[in-house]
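Examining the three-dimensional arrangement
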Amino acid sequence: AYKTLGINLEEFTDDWYKIIHLDDRKRFFAYLENVKSGKKQKDTIEFRVKNAKGNYIYLETKAENLIDKPGIDGILCNSRDITQKVKAHRRLYKFQKIIESTRNGIIILDHCRPELPIIFVNEGIKNLTNKSANEFVGRSWELLNEFFIKNDNYALYRKCVHETIPVELSLSMQT
C-alpha cells in the first residue's frame, strides 16, 4: 500500500474508503458484497483511489473471501496500479477514433503471417476504391495492387511490404 499509494498502513482508519473516488465507491462496495456473499462475478474490479500526493490512480483489485479462515476473518484484496495501462488505452482509443473517422484510406497488414492479410481498413478506403472496408479485411494485401498505378513508388512500396521496412511515400491510384 505504501509503495503504490504512499500511505502507511497505520494511516488507514475506519474511513479508509474515502480514498476511493466518489464515482467508484458504490461499484467497489457492490463488488466486495458479492465477494462476501459468494455471488458469481467478474474476477477483478478497476477503480480510482487518491494517493498521498492527492492524485487519483487506477487500481485493479482481486478480492477473496477469507471470512471463515481462522486468524484472518476478512476479505483479502490484492491490488495493482494500472494507471499507465488505463492512460495508454485512452490514447489508443483516441487514435482509433481519428483513424476511423479520417477521409484518408488507412490499411493495416499483419506482417506476422506470410500472406500478409489485411487486418484493418477504415471507411476512408471507399473514397479511393469505391469498395467498403469489409471487402478488404481478411484478404491478402495483393488485392490492393489493382488500384495502384505501377511506377517507381509502387515498386518501392511492394519491396518495403515484403521486407517489412517502414516507408512513407505517395502512391497514385487508378481512377
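Residues numbered from 1 in each chain as written. Predicted model: local features only at pLDDT ≥ 70, side-chain atom pairs only at ≥ 80, totals over all residues. Heavy atoms only, no water.

1. Some points on the overall build of the protein chain
When helices and strands are tallied, the protein chain shows five helices and five strands. The order of α-helices and β-strands along the protein chain, N terminus first, is α-α-β-β-β-α-β-β-α-α. What you see for the protein chain is a C-alpha radius of gyration of 26 Å, clearly larger than the 16 Å of a compact globule of 175 residues, by over 25%. Each of the 175 residues in the protein chain was classed as buried or not, and the buried ones make up 27%. Taken as a whole, the protein chain presents about 12,500 Å² of accessible surface, with 52% of it coming from carbon and sulfur. Taking the average location of the 29 positive side-chain charges in the protein chain and that of its 24 negative ones, the two points are 3 Å from each other. (Helix = DSSP H or I, 4+ residues; strand = E, 2+ residues; numbered from the N terminus. Rg over C-alpha atoms; globule rule 2.2 N^0.38 Å. Buried < 20%, exposed > 50% of the residue type's maximum accessible area, 1.4 Å probe, protein only. Areas by Shrake-Rupley, 256 points an atom, 1.4 Å probe, with all protein chains shown as cover. Lys, Arg positive; Asp, Glu negative; His and termini not counted. Charge placed at Lys NZ, Arg CZ, Asp CG, Glu CD.)

2. Some thoughts on a positive patch on the surface
A cluster of basic residues, Lys87, Arg90, Arg91 and Lys94, forms a positive patch on the protein surface. Mapped onto the elements of the fold, arginine 91 is located in helix α3 (residues 83-101). (Patch = residues over 30% accessible without salt bridge, like charges linked within 9 Å, V, L, I, M, F, W, Y side chains within 5 Å. Salt bridge = Lys/Arg side-chain N within 4 Å of Asp/Glu carboxyl O.)

3. What to know about the pattern of salt bridges
If the charged atoms of two oppositely charged side chains come close together, the side chains can form a pair. Tallied over the full model, the rule gives nine salt bridges. Between lysine 97 and glutamate 100 there is a salt bridge, and its shortest N-O distance comes to 3.5 Å. Of this pair, lysine 97 and glutamate 100 both sit in helix α3, three residues apart, roughly one helical turn. The exposure class of lysine 97 is partly exposed, given its relative accessible area of 38%. Connected through salt bridges with shared partners, the residues Asp24, Arg27 and Arg48 form a single ionic network.

4. Structural notes on unusual backbone geometry
Within the chain, leucine 116 stands out as a residue other than glycine whose phi angle is a positive 50°. With respect to the helices and strands, leucine 116 occurs in the loop between β4 (107-109) and β5 (118-121). Its identity is not glycine, yet asparagine 130 carries a phi of approximately 60°, on the positive side. Here asparagine 130 is to be found in the loop between α4 (125-129) and α5 (152-163).

5. Examining the confidence of the model for the protein chain
Per-residue pLDDT for the protein chain has a mean of 88; in total, 99% of the residues score no lower than 70. The spread of mean pLDDT over the elements of the protein chain runs between β4, the lowest at 84, and strand β1 (residues 44-50), the highest at 96. (pLDDT = per-residue confidence, 0-100.)

6. Some details on the layout of surface pockets
There is about 610 Å³ of room inside the largest pocket. Every residue lining the largest pocket is counted, 21 residues in all, and those nearest its centre are Ile107, Phe148, Tyr157, Leu169 and Leu171. For the lining of the largest pocket, the secondary-structure elements that each account for two or more residues are β4, α4 and α5. Within the lining of the largest pocket, the residues separate by chemical class into 17 nonpolar, three polar and one charged. Considered as a void within the structure, the second largest pocket measures approximately 410 Å³ in volume. Listed by contribution, the elements that provide at least two residues to the lining of the second largest pocket are α1 (2-5), β1, β2 (56-66) and β3 (74-81). Counting residues per element, the lining of the second largest pocket draws most heavily on β3, which supplies three residues. (1 Å grid on protein atoms, 1.4 Å probe; cavity = no way out; pocket = protein on both sides within 12 Å on 5 of 7 lines; lining within 4 Å. Points joined across faces, edges and corners; volume = space filled by probe spheres on them. Nonpolar A, V, L, I, M, F, W, Y, C, P; charged D, E, K, R; others polar.)

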